[in-house]
Amino acid sequence: GVTGVAADQALASQLDVYPNPVSNATVRVALGGLTTERNVTVTILSPLGQVVSRTEVAVANGAMTTELNTRSLARGLYTVRVQTGGRSATRTLVVE
């Protein structure tokens, strides 16, 4: 984990990653319930914990949505991590 960034259950409950599992397509990451945050860092971690992609996404109207291309990813279990305002949440992404 990242020091100083707490896993947040409230944030996790607002996190949506779909389609999941994903196969040769774009995956959408959506996060709601944001009140004071201005941007969100969306990171995809490989099955070995390496950073595959990292994207800064602006928050609009208390929510954030972004699409990530997974076509270059090998099959496996990846972790999608969102970080904002010192909070983080993760979701497992299955790439088929």
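Everything below is about the structure printed above this text.
Quick notes on the rules
- Residues numbered from 1 in each chain as written.
- Predicted model: local features only at pLDDT ≥ 70, side-chain atom pairs only at ≥ 80, totals over all residues.
- Heavy atoms only, no water.
- Pairing = 2+ DSSP bridges.
- Helix = DSSP H or I, 4+ residues; strand = E, 2+ residues; numbered from the N terminus.
- Axes fitted to C-alpha atoms, helices over the stretch in contact; angles between N-to-C directions.
- Salt bridge = Lys/Arg side-chain N within 4 Å of Asp/Glu carboxyl O.
- Buried < 20%, exposed > 50% of the residue type's maximum accessible area, 1.4 Å probe, protein only.

### Here we look at the sheet that holds strand S2 (residues 15-18)
Alright, step 1. Pairing is antiparallel in the open sheet, where three strands are placed in the order S2-S3-S6. The open sheet has two edge strands with one neighbour each: S2 and strand S6 (64-69). Adjacent strand axes in the sheet meet at a mean angle of 15°, parallel and antiparallel pairs treated alike.
Alright, step 2. In terms of strand pairing, S2 meets strand S3 (residues 26-31) through four bridges, oriented antiparallel. Across the sheet, the residue bridging to Asp16 is Ala30, located in S3.

### Here we look at the pattern of salt bridges
Alright, step 1. Counting across every chain of the model gives three salt bridges.
Alright, step 2. For Arg28, the salt bridge is made with Glu67, and the minimal N-O distance between the two is 2.4 Å. In this pair, Arg28 sits in strand S3 while Glu67 sits in strand S6, placing the two residues 39 residues apart along the sequence.
Alright, step 3. Residue Arg28 is classed as partly exposed on the basis of its relative accessible area of 32%.
Alright, step 4. In this structure, Glu37 engages Arg87 in a salt bridge whose closest nitrogen and oxygen atoms are separated by 3.0 Å. Pair noted here: Glu37 is in the loop between S3 and strand S4 (39-45) and Arg87 is in strand S8 (residues 87-95), with a separation of 50 residues, a long-range link.
Alright, step 5. According to the relative accessible area criterion, Arg87 is partly exposed, its value standing at 21%.
Alright, step 6. Three or more residues joined by partner-sharing salt bridges are found here, namely Asp8, Glu37 and Arg87.

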